[in-house]
Amino acid sequence: MTGRRAPRGTGAVAPPVAGPDHRWAAAMSISADLLRAVNRDATVPDVLALAARHACRLLGTEFAAVFQVADGDRLVVGGSHGLSAQYVDLVNNAEPLTLSVRSFRTPSTSAVLGGHAIALSDALADPDSAQWADMAKMQGYRALLAAPMHGLGGVALGSITAYSRTVRDFTPEDVRLIELLAEHTAGALEAARRRDDQNVEADQLRLRSAQAAADGERRARLLRLHVELCDAVLASRGVAGIVEAVAEAVDGSAAMWDTGLRVSAWSSTGRGTDDREELLSRLRAAAEAAQTSPPTSTVGVLRAGSVGPPTWVAPIAVHDHVRGWLTVTGPGLDLLSSADPADITLPVALELQATQHQVEIEARIASDLLTELLADTAEIRAPMLHSRAEALGHDLRAPHFAALLTPTPTAAGRRPERIAQARDLSRLTTRLVHMSPRPLIGIMDGKLLALVPQRAAEPSGPTPVDTGDGAMLTLLTDAAAALYPDRRVHVLVRRDVLGVAAYRSTYLLLARAAELLTEHSPDLLDIGQFGLYGVMLDSGPGEALTDFARTLLEPLATSNASSRSALLATLENWLASGTSVHECSRRMYLHRNTVAYRLRKIEEMLSVDLSKPDDVLRIQLAMVVATVSGWLTAR
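Nothing here was measured: the structure is a model prediction, and the numbers come from that model.

Some remarks on the overall build of the chain
Alright, step 1. Summing up its helical and strand segments, the chain has 21 helices and 17 strands in all.
Alright, step 2. Relative to its 635 residues, the chain shows a buried fraction of 47%.
Alright, step 3. Considering only contacts in the chain between residues 6 or more positions apart, those separated by 24 or more positions represent 65%.
Alright, step 4. Only carbon and sulfur atoms are counted for the fraction: they give 53% of the accessible area of the chain, which is about 30,200 Å².

Below, the structure written as structure tokens:
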């Protein structure tokens, strides 16, 4: 390239765009103009584009570009005036200019490397411009003038280059003007960079300040929550008080679930649009998901469904045993996410432990009371027993139902096993801690007996256990089944037990019925379904009753399957219809002659006379015993 160092005092002078005085006056105002742009928060590209426009105005050229040093060895167009976007993209990307000594030189790179201005009167005539002549033709310039930009300490910042469409010899005055413009632009560029750095630092300071304020507010909210939780524990507000405090803290909803995923405490600020059932359903789903998660991921934020709100879930453990799950959702959920889970779960665990301890004490007192209620002296001591029961929340003058819970035999032919440990009573009462009203439970002769206040009269029907107190009975059976996961639990029930004297007789009846249980017996038996004949189960030892039933009904049990089924159904319906042939035929949709024939067949097989009340009573009792033991249907 024959481009030369620009002369300082010789050479032809091209006519300026304006008079000399005007050019220098404009040059002197450029610095202020550039600094004003910096102070207006103009971007670096805008400041450099402004400098390129000033270069065209001062030197009377059509194009100008301000190059910046990037990545240490590249020159990129940071701002331009008049140059096409295609040309700028070509210089910056397709044909990048480098400051390497091995790459081809342009006036702009030579100015930066040499540290002085470079003028080229005709780019197309210069033999050294062959490598970039096509670029000059594409943009349409012939002459150019480039001056380096230096920052503090002489650090090269880049160059400013003016391009002319026509062949032109740049004068010393042109050189001094572009060098002055390069100094002004370098100063503005460094000022803009310092401003940007200061703005970044200020933004970071503001961010840190906002974060510190948010952290301070979060710590204050956590402190308020900890105070509320401690107050709830000290004031004995129970788990419900703790759950209420957590719900208020997140401005949302919270629920405590037991290990059976039944809600034991619930609270909501009521500010959401979701109803209670929908919220509880989502919270329960989160607790269920956490319950099935690996132990290493049991605490955290879950989301119910792909669009459901986030829910904070944590297990509540007492003595390393999970006793339930705390679930929380609401706008302020981030408060719990930033806290140590133990700060939230520990008060709940302490309250559960205190409640468990209280329940165990109550259970021992209730068990002692139940033992005294079943003693033969209970009726004499009734006033005192009524008073003790009222202290536990029981009105013995109101109807109760009694439930005897017995594990199924573990081998065929064996009687139900005894419950030999008081630990089982403690575990059962702990599972029923949220049951209201709480039952009186005790171990009687190796069996669990529960005396539960009836909440409403039971309607008559074939399945009374499904209505009224069915929910209470379900809680009892579920809790008992959890004690013996490898076996079934038989439940014998008698309802409408009223008066102190009735408790002992009811227990003796249920205990006698339990002696008849086998592995074929139903899981749930309501003795009340058998009427007067159910009471007759107390007429003798279980072995004697079983032998009596087997001896009487053996011919029917050993008949062929089809005959046995028809005869057994006829006998059951005839007894249920009050020994009426007409009513039995109506129930079974059979002709009365068919019913009469089957009854005569039963008389022949069992050697009885169904017209005699004594024989009917014997058969009815045998059928009750067979139903309780599951013996006849099992054959």
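So, the environment of T311
Alright, step 1. By the secondary structure assignment, T311 is in strand β11 (residues 310-318).
Alright, step 2. T311 sits 29 residues away from R282 along the chain, and the two C-alpha atoms are 8.5 Å apart.

As for the side chain of S253
Alright, step 1. Structurally, S253 can be placed in strand β8 (residues 253-258).
Alright, step 2. Sequence-distant contacts of S253, defined by excluding residues within four places in its chain, comprise A247, W266, S267, S268, L279, T327, V328 and T329.

Side note on the sheet that holds strand β16 (residues 489-497)
Alright, step 1. Strand order in this open sheet of 5 strands is β14-β15-β13-β16-β17, and the pairing throughout is mixed. At either margin of the open sheet sits one strand with a lone partner, and together these are β14 (440-444) and β17 (524-526). Sheet twist, expressed as the mean angle between neighbouring strand axes with direction ignored, is 20°.
Alright, step 2. Two strands pair when backbone bridges link them, and β16 and β17 are joined in this way by 3 bridges, in the parallel orientation. The residue bridging V493 from the neighbouring strand is D526, located in β17.
Alright, step 3. Helix α10 (residues 341-373) contacts β14 and β15 (447-453) of the sheet and is inclined by roughly 65° relative to β14.
Alright, step 4. The strands touched by helix α13 (residues 470-483) are β13 (400-407), β14, β15, β16 and β17; relative to β13, the strand with the most contacts, the crossing angle is about 20°.

Description of the nonpolar core
Alright, step 1. Core analysis: the largest hydrophobic core is formed by 58 residues, its most contacted members being L373, L449, L492, L571, W574 and I619.
Alright, step 2. Counting 40 residues, the second largest nonpolar core, distinct from the first, contains I30, A51, A147 and L180.

Brief notes about a negative patch on the surface
Alright, step 1. On the surface, E228, D231, E244 and E248 cluster together into a negatively charged patch.
Alright, step 2. Sorting the residues of the negative patch by element identifies α6 (172-234) and α7 (238-250) as the ones contributing at least two each.
Alright, step 3. Structurally, E228 can be placed in helix α6.

Observations concerning the packing of helix α17 (residues 561-576) against helix α19 (residues 592-606)
Alright, step 1. The geometry of α17 relative to α19 is characterised by a closest axis approach of 10 Å and an angle of 105° between their N-to-C directions. Taken together, the axes of α17 and α19 are roughly perpendicular relative to one another. Where α17 approaches α19, its residues A566, L567, T570, L571 and W574 are matched on the opposing element by V595, R598, L599, K601, I602 and M605.
Alright, step 2. Its residues assigned to classes, the contact of α17 with α19 shows 8 nonpolar, 1 polar and 2 charged.

A closer look at the pairing of β15
Alright, step 1. Among the 7 residues in β15, 7 count as buried, and that is most of the element.
Alright, step 2. Of the two faces of β15, the one carrying K447, L449, L451 and P453 and the one carrying L448, A450 and V452 are both buried.
Alright, step 3. Bridge count for β13 against β15 is 6 bridges, and the pairing is antiparallel. Within β15, the position partnered with L405 by the bridge is L448.
Alright, step 4. Examined bridge by bridge, β14 and β15 share 5 bridges and lie antiparallel to one another.

Section: the packing of α6 against α10
Alright, step 1. Look at α6 against α10: their axes get within 10 Å of each other, and the N-to-C directions meet at 5°. Our classification of the angle between α6 and α10 gives roughly parallel. Taking contact as the criterion, the partners of L225, H226, L229 and V233 in α6 are, on α10, D343, I344, P347 and E351.
Alright, step 2. Its residues assigned to classes, the contact of α6 with α10 shows 5 nonpolar, 1 polar and 2 charged.

Comments concerning the pairing of β11
Alright, step 1. With 7 of 9 residues buried, β11 lies mostly within the body of the structure.
Alright, step 2. Strand direction decides the pairing type here: β11 and strand β12 (residues 321-329), joined by 7 bridges, are antiparallel. Its bridge partner lying in β12, I316 is registered against G324.
Alright, step 3. The hairpin turn running from β11 into β12, its antiparallel successor, is 2 residues long, and H319 in that turn takes a positive phi close to 55°.

A short note on the packing of aromatic side chains
Alright, step 1. Scanning the entire structure with this criterion turns up 2 aromatic pairs.
Alright, step 2. Look at Y141 and Y163: their rings are 4.4 Å apart centre to centre, the planes differ by 45°, and that puts the pair in the tilted class. Residue Y141 is located in the loop between α5 (133-139) and β6 (143-150), and its partner Y163 is located in strand β7 (residues 156-164); the two are separated by 22 residues in the primary sequence. With respect to burial, Y141 and Y163 carry one shared label: buried.
Alright, step 3. Every member of this aromatic cluster is reached through a ring pair, and the members are Y87, Y141 and Y163.
Alright, step 4. Above the ring of F401, the side-chain terminus of R495 is found at 5.8 Å from the ring centroid.

Side note on unusual backbone geometry
Alright, step 1. Of note in this structure, T579 is not a glycine but carries a positive phi near 60°.
Alright, step 2. By the secondary structure assignment, T579 is in the loop between α17 and α18 (581-588).
Alright, step 3. A positive phi angle is found at S607, which is not glycine, with a value near 60°.
Alright, step 4. Structurally, S607 is set in the loop between α19 and α20 (613-629).

What counts as what
Here the residue numbering is sequential within each chain, running from 1 through the sequence in written order. Residues qualify for local features only when their pLDDT is at least 70, as the model is predicted, and side-chain atom pairs are given and counted only at 80 or more; totals for whole chains, interfaces and linings, by contrast, use all residues. The basis for every side-chain value is the complete set of non-hydrogen atoms in the structure, without hydrogens or water. Strands are runs of DSSP state E lasting at least 2 residues, helices are runs of H or I lasting at least 4, and numbering of each runs from the N terminus. Using a 1.4 Å probe on the protein chains alone, a residue whose accessible area is under 20% of its type maximum counts as buried, one over 50% counts as exposed, and one in between counts as partly exposed. Contact definition: two residues touch when any of their heavy atoms are within 4.5 Å. Residue burial considers only the protein chains on display, and all accessible areas are found by Shrake-Rupley using a 1.4 Å probe. A pair of strands is treated as paired once DSSP finds two or more bridges between them. Lines fitted to C-alpha atoms define the axes here, with helix axes fitted over just the stretch in contact, and angles between the N-to-C directions of these axes take values from 0 to 180 degrees. Residues belong to one nonpolar core when they are buried, are Ala, Val, Leu, Ile, Met, Phe, Trp, Tyr or Cys, and are joined through side-chain atoms within 4.5 Å. Patch building starts from residues that exceed 30% relative accessible area and form no salt bridge, then joins like charges within 9 Å and nonpolar side chains (Val, Leu, Ile, Met, Phe, Trp, Tyr) within 5 Å. Here, a salt bridge means any side-chain nitrogen of Lys or Arg that lies within 4 Å of a carboxyl oxygen of Asp or Glu. Positive residues here are Lys and Arg, negative ones are Asp and Glu, while His and the chain termini are left out of the count. For the purpose of locating charges, the reference atoms are NZ of Lys, CZ of Arg, CG of Asp and CD of Glu. When an angle is under 35 degrees it counts as roughly parallel; over 145 it counts as roughly antiparallel; between 65 and 115 it counts as roughly perpendicular; any other value is oblique. Three residue categories are used. Nonpolar comprises Ala, Val, Leu, Ile, Met, Phe, Trp, Tyr, Cys and Pro, charged comprises Asp, Glu, Lys and Arg, and polar comprises the others, including Gly. Between rings of Phe, Tyr and Trp, where Trp is taken as its six-membered ring, a pair exists when centres lie within 6.5 Å; planes separated by under 30 degrees are stacked, by over 60 edge-to-face, and by other angles tilted. Two conditions define a charge sitting above a ring: the NZ of Lys or the CZ of Arg must be within 6 Å of the ring centre, and it must be within 35 degrees of the ring normal.

Scope: geometric values only; no functional claims are made or implied.
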